[in-house]
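Summary of the model geometry
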Amino acid sequence: MRIQKLLLPMAVSAATLALSGQAMAETWKMALGDAAGGTQYELGTTFADIVEEKTGGEVTIDLFPNGQLGSEQDTVNNASMGLLDLSVLAINNITPFSPTVGVLTLPYVIQSPEDAKTLTQGEIAEELTQNTIRDAGVRILGWAYSGCRRLTNSARPVASPEDLDGLNIRVPKNEIMIAAYQAWGVNPAPLAWSETFTALQQGVVDGQDNPYITIDTMKFYEVQDHVTDSCYVFSLQPLIISEGKFQSLSPEMQEIVLEAGQEATSHSYDFLLESEEAIKKRLVEEHGMQITEPANDEQQWIEMATGIWPEFYDSIGGKEKLDQALEALGRDPAPQS
Ligand code: MLT
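From a predicted model like this one, the values you see are computed outputs, not experimental measurements. (Residues numbered from 1 in each chain as written. Predicted model: local features only at pLDDT ≥ 70, side-chain atom pairs only at ≥ 80, totals over all residues. Heavy atoms only, no water.)

1. Re the overall build of the protein
- Counting its regular elements, the protein contains 12 helices and 11 strands.
- The C-alpha radius of gyration of the protein comes to 20 Å, within 12% of the 20 Å expected for a compact globule of 337 residues.
- Taken over 337 residues, the protein has a buried fraction of 60%.
- Across the protein, every contact between residues at least 6 apart in sequence was considered, and the portion connecting residues at least 24 apart equals 75%.
- Carbon and sulfur atoms form 48% of the exposed surface of the protein, whose accessible area is close to 13,500 Å². (Helix = DSSP H or I, 4+ residues; strand = E, 2+ residues; numbered from the N terminus. Rg over C-alpha atoms; globule rule 2.2 N^0.38 Å. Buried < 20%, exposed > 50% of the residue type's maximum accessible area, 1.4 Å probe, protein only. Contact = heavy atoms within 4.5 Å. Areas by Shrake-Rupley, 256 points an atom, 1.4 Å probe, with all protein chains shown as cover.)

Below, the structure written as structure tokens:
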């Protein structure tokens, strides 16, 4: 069963099937910040297929990739106001609306897919979901796992933070990520995701960071030659639903979307493990990207960037929130402010 997707004119959401209890076919809109083909798309299509199957075709979901429905941060606003049903976007673009989620984007907290799974599928994730409902009016239904964010640039190999000197690096409009680059000695350029490819292409910025899968999906290899095999933030891409929309659904329909979110999340995890290495290889062999290992096992990057953690204890809800996450990952508590 395939979902309808792409390039359809924006339709006003149909009245809810759930409220009336009548089996009235309807179509929901899902925004994707990335192009078709990556982890956002895998999560989105899997979710859409499951919902369509479980509702016997009563609900279909149209996907709008490539930021067609606005920047990732716009889609949070729109979902919150009930103008959009669903969106898949990078977690760092939710943090400005719900700062406690920042615990997942503090540099070097999540260091592997297993760490990402631990923090997104347990009690910590449940609390963050409740916080996004309270703060941003959106509910996290599932997660796409895209892998570590790798620094790319068009100028030269970058192995240590000093190599960044003179490079203009794009970052999301996210205070934590901006502070990480400042700790490495540069002032990055905060830019919306939807403007990033053009800015790289026109040389407005020299570099950016995103996972291998995203570098491939977004064809960044056309405008970037160098990749640093770093892992300062793990890219998580939640699937969110407008809380107003969710509350308008019948209990049965709510159950369907919650289950579909969980099943799509499991699929996304497997997809990352199965595809990331092959994509990395293809970026080198087919697209000529040059991969540089961070100097000294990334120690200098880690020491400088983790120094910003205390600046964000208040916004994430207190140092204890970070300590809970670190404990769940089997690590020592964070330093005091
Ligand atoms: C960003 O860099 O803004 C995000 O990682 C984009 C994305 O959703 O992949």
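2. Looking at the side chain of S248
- By the secondary structure assignment, S248 is in helix α9 (residues 243–248).
- Residue S248 is classed as buried on the basis of its relative accessible area of 14%.
- A distance of 2.6 Å separates a polar atom in the side chain of S248 from the backbone oxygen of K245. (Polar contact = N/O pair within 3.5 Å; in protein donor to acceptor, adjacent residues only side chain to side chain.)

3. Notes on the site of the ligand
- The immediate surroundings of the ligand are formed by 13 residues, with D34, E72, R149, R170 and N210 found nearest.
- Between D34 and the ligand, the recorded distance is 2.9 Å, taken from a side-chain N or O atom to an oxygen atom.
- Here an oxygen atom of the ligand sits 2.8 Å away from a polar atom, N or O, in the side chain of N210.
- Relative to its unbound accessible area of 270 Å², the ligand is 100% covered by the protein chains.
- Each residue belonging to the shell around the ligand can be placed in one class, and the counts come to 3 nonpolar, 6 polar and 4 charged.
- Counting the residues that make up the shell around the ligand, at least three belong to each of domain 1 (3–146 + 236–274) and domain 2 (150–233 + 279–308). (Near = heavy atom within 4 Å. Nonpolar A, V, L, I, M, F, W, Y, C, P; charged D, E, K, R; others polar. Domains from an automatic or database assignment.)

4. Re unusual backbone geometry
- The backbone of K219 shows a phi angle near 55 degrees, a positive value even though the residue is not glycine.
- Within the fold, K219 resides in the loop between α8 (212–217) and β9 (226–228).
- Here K219 falls in the partly exposed class, since its relative accessible area comes to 41%.
- Even without being glycine, E298 reaches a positive phi, approximately 70 degrees.
- On the secondary structure map, E298 appears in the loop between β11 (290–292) and α11 (299–306).

5. Description of the sheet that holds strand β4 (residues 138–148)
- Read across the open sheet, the 5 strands follow the order β2-β1-β3-β10-β4; overall the sheet is mixed. Only two strands of the sheet have a single neighbouring strand rather than two, namely β2 (59–64) and β4. Each strand axis lies, on average, 20 degrees off the axis of its neighbour in the sheet, ignoring direction.
- Inspection of the sheet shows strand β1 (residues 26–32) paired to strand β3 (residues 86–88) by 3 bridges, in the parallel sense. The residue of β3 that forms the bridge with L32 is V88.
- Across the face of the sheet, helix α2 (residues 39–54) comes into contact with β1, β2, β3, β4 and β10 (234–242) while running at roughly 165 degrees to β2. (Pairing = 2+ DSSP bridges. Axes fitted to C-alpha atoms, helices over the stretch in contact; angles between N-to-C directions.)

6. Structural notes on the sheet that holds β11
- Here 4 strands make up an open sheet; going across it, the order is β8-β5-β9-β11 and the pairing mixed. This sheet does not close on itself; its edge strands, each paired only once, are β8 (207–210) and β11. Pairs of neighbouring strands in the sheet enclose a mean axial angle of 25 degrees, with direction left out of account.
- When strand β5 (residues 150–153) meets β8, the two strands line up antiparallel, connected through 4 bridges. Looking across to β8, one finds that T152 is bridged to Q208.

7. Side note on the packing of aromatic side chains
- Taken as a whole and judged by the stated rule, the model has 7 aromatic pairs.
- A centroid spacing of 5.2 Å and a plane angle of 65 degrees characterise the contact between W184 and Y232, whose relative ring orientation is edge-to-face. Residue W184 is found in the loop between α6 (175–183) and β7 (189–190), and its partner Y232 is found in the loop between β9 and β10; the two are separated by 48 residues along the sequence.
- The exposure class of W184 is buried, given its relative accessible area of 5%.
- Where F197 meets F220, the ring centres are 6.0 Å apart and the plane angle is 25 degrees; that geometry is what we call stacked. Placement of F197 in helix α7 (residues 196–201) and of F220 in the loop between α8 and β9 is noted, with a sequence separation of 23 residues between them. (Phe/Tyr/Trp six-rings, centres within 6.5 Å; stacked < 30°, edge-to-face > 60°.)

8. Details of the environment of P294
- Its place among the elements puts P294 in the loop between β11 and α11.
- Residue contacts for P294: discarding those within four places in its chain leaves A159, T228, D229, S230 and W301.

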